[in-house]
Amino acid sequence: MKARKIVDRILANVLITIMGIMVLNVLWQVFSRYVLNSPSSFTDELARYLMIWVGVLGAAYVSGKNGHVAITVLPDRASEKTQKQLQQIVRGVVLLFCFFGLVVGGSKLVYITYLLEQYSPALRLPLALVYLVIPLSGLVIIYYKISDILKKT
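A few points on the structure. (Residues numbered from 1 in each chain as written. Predicted model: local features only at pLDDT ≥ 70, side-chain atom pairs only at ≥ 80, totals over all residues. Heavy atoms only, no water.)

### Quick look at the nonpolar core
Taken as a class, soluble globular proteins show a tendency for nonpolar side chains to be buried jointly.
Here's step 1: Formed by 17 residues in total, the largest nonpolar core has its most connected members in L11 and L57.
Here's step 2: Secondary-structure elements contributing two or more residues to this core are α1 (2-34), α2 (43-64), α4 (80-115) and α6 (133-150).
Here's step 3: Apart from the residues within four sequence positions on either side, L57 is in contact with L11, V14, L15, I18, V133, L136 and S137. (Core = buried A, V, L, I, M, F, W, Y, C linked by side-chain atoms within 4.5 Å. Buried < 20%, exposed > 50% of the residue type's maximum accessible area, 1.4 Å probe, protein only. Helix = DSSP H or I, 4+ residues; strand = E, 2+ residues; numbered from the N terminus. Contact = heavy atoms within 4.5 Å.)

Structure follows, in structure tokens:
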């Protein structure tokens, strides 16, 4: 599982970097608004897009750590063998959802947004870059779930 640890480390570092940029961005917004009396025009939009990336990539990271919310009433009452079977079924369902919902659907969203040449108002950033986090996170979650399915435990 060395590759998984590398993916974990990369994803954690990306999330830390995004959070650091977001903190600096918000600090600049507060400083420019209250000290300089001239609020920055791009900081609200940048904070919003960084929050989207942190939320979606963070969900992928938590999925890899198997830290997501789960209802365990049924599995807790089942035998150990049944619990493992239920875990595999849940992993398969999550994998399918991520493939069709996040990778396929997200890729279509990115492609359409790219074709329509949509840009953010303040940063003039292509919105396709903002939406790119959706299929990217879907691929990361798929990697994690395939890794979990193939794990011998």
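### Overview of the packing of α1 against α2
Here's step 1: Relative to each other, α1 and α2 sit at 155°, their axes nearing to 9 Å. Classified by the angle their axes make, α1 and α2 are roughly antiparallel. Pair α1 / α2 crosses with left-handed handedness.
Here's step 2: Residues of the contact of α1 with α2, tallied by class, amount to 19 nonpolar, five polar and four charged. (Axes fitted to C-alpha atoms, helices over the stretch in contact; angles between N-to-C directions. Parallel < 35°, antiparallel > 145°, perpendicular 65-115°, else oblique. Left-handed = near helix turned anticlockwise from the far one by under 90°. Nonpolar A, V, L, I, M, F, W, Y, C, P; charged D, E, K, R; others polar.)

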